[in-house]
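Here is what each chain is made of, one letter per residue.
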Amino acid sequence: MNRAFGLSLSWLRANRGSVPVYCVGAIASLTVYYLYNDYKIDSRRRLHIKHSPNQYESLNISGRFVNPFDTWRDKTLWDFVRWLWTRTSGNGLPKDAKDLEKTLPLARPHFAILNAFSRPQNQTQGPLSSDDTEYIDYPTAEEVDRENNITVTWIGQSTCFAQMDGLNILTDPIFKRRTVFSWLGPERLRPVPCQLNELPRPDIVLVSHNHFDHLDADVVKQLGNSVTWFVPLGLRDWFARQGIYKVRELDWWQETEFSLPGSKTYRIIATPTQHWSGRNGFDSNSSLWCSFLVKSPRASIFHCGDTGYCPVFKAIGDKYGPVSLAILPIGSYQPRWYMCHQHVDPDDAVKIHLDLNAAHSIGVHWGTFMMSDEHYLDPPNDLALACTKYNVSHGRFTAPQFGKTLLYPL
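Residues numbered from 1 in each chain as written. Predicted model: local features only at pLDDT ≥ 70, side-chain atom pairs only at ≥ 80, totals over all residues. Heavy atoms only, no water.

S.K.: Provide a residue-level description of the overall build of the protein chain, including the pertinent values.
M.R.: Broken down by element type, the protein chain carries 11 helices and 16 strands. Per-residue burial for the protein chain yields a buried fraction of 55% across its 410 residues. For the protein chain, restricting intrachain contacts to residue pairs at least 6 apart in sequence, the fraction spanning at least 24 positions comes to 72%. Carbon and sulfur atoms form 53% of the exposed surface of the protein chain, whose accessible area is close to 17,900 Å². (Helix = DSSP H or I, 4+ residues; strand = E, 2+ residues; numbered from the N terminus. Buried < 20%, exposed > 50% of the residue type's maximum accessible area, 1.4 Å probe, protein only. Contact = heavy atoms within 4.5 Å. Areas by Shrake-Rupley, 256 points an atom, 1.4 Å probe, with all protein chains shown as cover.)

S.K.: Before we move on, could you go through the sheet that holds strand S16 (residues 405-409) and cite the residues and values that matter?
M.R.: Spatially, S8-S7-S6-S5-S4-S3-S16 is the arrangement adopted by the 7 strands of the open sheet, whose pairing is mixed. If you trace the sheet from one side to the other, it starts and ends with strand S8 (247-250) and S16, each paired once. Between one strand and the next, the sheet's axes are offset by a mean angle of 20°, whatever the strand orientation. Sheet topology places strand S5 (residues 167-171) next to strand S6 (residues 204-206); 3 bridges connect them, and they run parallel. If you follow Ile 169 over to S6, its bridge partner there is Ile 204. (Pairing = 2+ DSSP bridges. Axes fitted to C-alpha atoms, helices over the stretch in contact; angles between N-to-C directions.)

S.K.: An account of the state of the cysteines is needed here, citing residue identities and associated values.
M.R.: In the structure shown here, the tally under the stated rule is 0 disulfides. Cys 310 takes part in no disulfide bond, and the closest cysteine sulfur, belonging to Cys 304, lies 9.2 Å away. For Cys 310, a relative accessible area of 1% corresponds to the buried category. (Disulfide = S-S within 2.5 Å.)

S.K.: Report on the nonpolar core, specifying residues and quantitative values.
M.R.: Soluble globular proteins tend to pack their nonpolar side chains together in the buried interior. Counting residues in hydrophobic clusters, the biggest one holds 65 residues, and the most contacted among them are Val 152, Ile 204, Ile 268, Phe 302, Leu 356, Ile 362 and Phe 397. Ranked by residue count, the leading element in this core is strand S13 (residues 323-329), at 5 residues. Counting residues in each nonpolar core, the second largest holds 25 residues, with Phe 111, Leu 170, Leu 196 and Trp 229 among its members. (Core = buried A, V, L, I, M, F, W, Y, C linked by side-chain atoms within 4.5 Å.)

S.K.: Help me get a handle on the packing of helix H10 (residues 346-355) against helix H11 (residues 378-389), residues and values and all.
M.R.: Where H10 contacts H11, the axes come no closer than 8 Å and their chain directions differ by 50°. Considered as vectors, H10 and H11 are oriented oblique to each other. Judged by the twist between their axes, the crossing of H10 over H11 is right-handed. Contact residues: Pro 346, Asp 347 and Val 350 in H10; Pro 379, Asp 382, Leu 383, Ala 386, Cys 387 and Lys 389 in H11. Here the contact of H10 with H11 is built from residues that sort into 6 nonpolar, no polar and 3 charged. (Parallel < 35°, antiparallel > 145°, perpendicular 65-115°, else oblique. Left-handed = near helix turned anticlockwise from the far one by under 90°. Nonpolar A, V, L, I, M, F, W, Y, C, P; charged D, E, K, R; others polar.)

S.K.: Could you give an account of the pattern of salt bridges, naming the residues involved and the relevant values?
M.R.: A complete count under the given rule lists 17 salt bridges for this structure. Arg 336 serves as the salt-bridge partner of Asp 345, at 3.6 Å between the closest nitrogen and oxygen. Note on Asp 345: relative accessible area 16%, which makes it buried. (Salt bridge = Lys/Arg side-chain N within 4 Å of Asp/Glu carboxyl O.)

S.K.: Quick rundown of the packing of aromatic side chains? Include the residues and the values.
M.R.: On inspection of all chains with the given rule, the structure shows 15 aromatic pairs. Between Trp 154 and Phe 402, the aromatic rings sit 4.4 Å apart at their centres with planes inclined by 20°, giving stacked as the arrangement. A residue pair is termed long-range when its members are at least 10 positions apart, and Trp 154 in strand S3 (residues 149-156) and Phe 402 in the loop between strand S15 (397-398) and S16 qualify at 248 residues. For Trp 154, a relative accessible area of 1% gives the class buried. Arranged with centres 6.2 Å apart and planes meeting at 80°, the rings of Phe 230 and Phe 258 form a pair that is edge-to-face. Of this pair, Phe 230 sits in strand S7 (residues 228-232) while Phe 258 sits in strand S9 (residues 255-259), placing them 28 residues apart in sequence. Taken individually, Phe 230 and Phe 258 each receive the classification buried, so the pair is uniform in this respect. Just above the ring of Trp 72 sits the side chain of Lys 75; from NZ or CZ to the centre is 5.9 Å. (Phe/Tyr/Trp six-rings, centres within 6.5 Å; stacked < 30°, edge-to-face > 60°. Lys NZ or Arg CZ within 6 Å of the ring centre and 35° of its normal.)

This is the structure we're talking about:
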């Protein structure tokens, strides 16, 4: 709610010459009310942290989910306004689009390999070309070892198409040019490397939270009930309003099984993260946020979504590790005073990689939509420095290229 009033104040500032005094008074009164309500909720949250032995379980106070971690701090209205007021601009983006193409190159996914890892009914139809120069060292679709490899293709932001033991997984899907509508919201720096209908059909979609850059309503309508959606608590009603009912809603640490006809059974586990939710400023934290772990008998994929760093990842690693592949955010982290509680930086991401005891990790949530203040190329550069700092060997944690299909051995 603070974010809604922050936007209101920004609007008032821009239109201060034409806004009646009573409008200013009404907004000021509502702001005081919600600030007081936020203060009461935060006081109860702190009391819970102090006295509860279950600090890693989800917590709902007065109809709002809150972070039960002492590493979290709610951003106030004034924090938000201060950040808007002092934001730097540009992010180091080149003015020439050709320079951007060189620094953020696109690859076409290896559609033949993606089809080879998919069940026949999920495969894309018709010839889809990939850039052979991108995959010169790859096995052919006929030669690739489907039983002993995982594939992952980064589409942008936190959207990945991953395949493990016959299961096609799509994460936090967004394929549109802007985050909110075609005319509203941050714009992609580069186009999507492929369209949704060019990929093999996913079996499941993991949605970590409901922010626009992690949940594209157009994708929801396009896939509909042809897939099974896994979402955190409180989000199933939103899907129902879109006419989608093939939805499984999970609390932190809750597990469920998913089976394909005549195939293996997989475990899907919702695990905690430190973040928040909301799509319009007035529904803040009405639904939960989470990460997901998908486990087959031989492998596992961890999809983080958005998070600040907290000790819960060590608990996840202790309970479910080691992890075969972790999909971790490495962008949207500056300025640290404002972003640190909700977005990890590359240093924190490497800590999560180690906490999970991940065999491999890829860094996502960067270079797609600029919604923070760091230089657009800082995330991969800072990731390389963090890997050196924590003695993580080259190749175990990488920042992938848009669209490039990666193979990881089990």
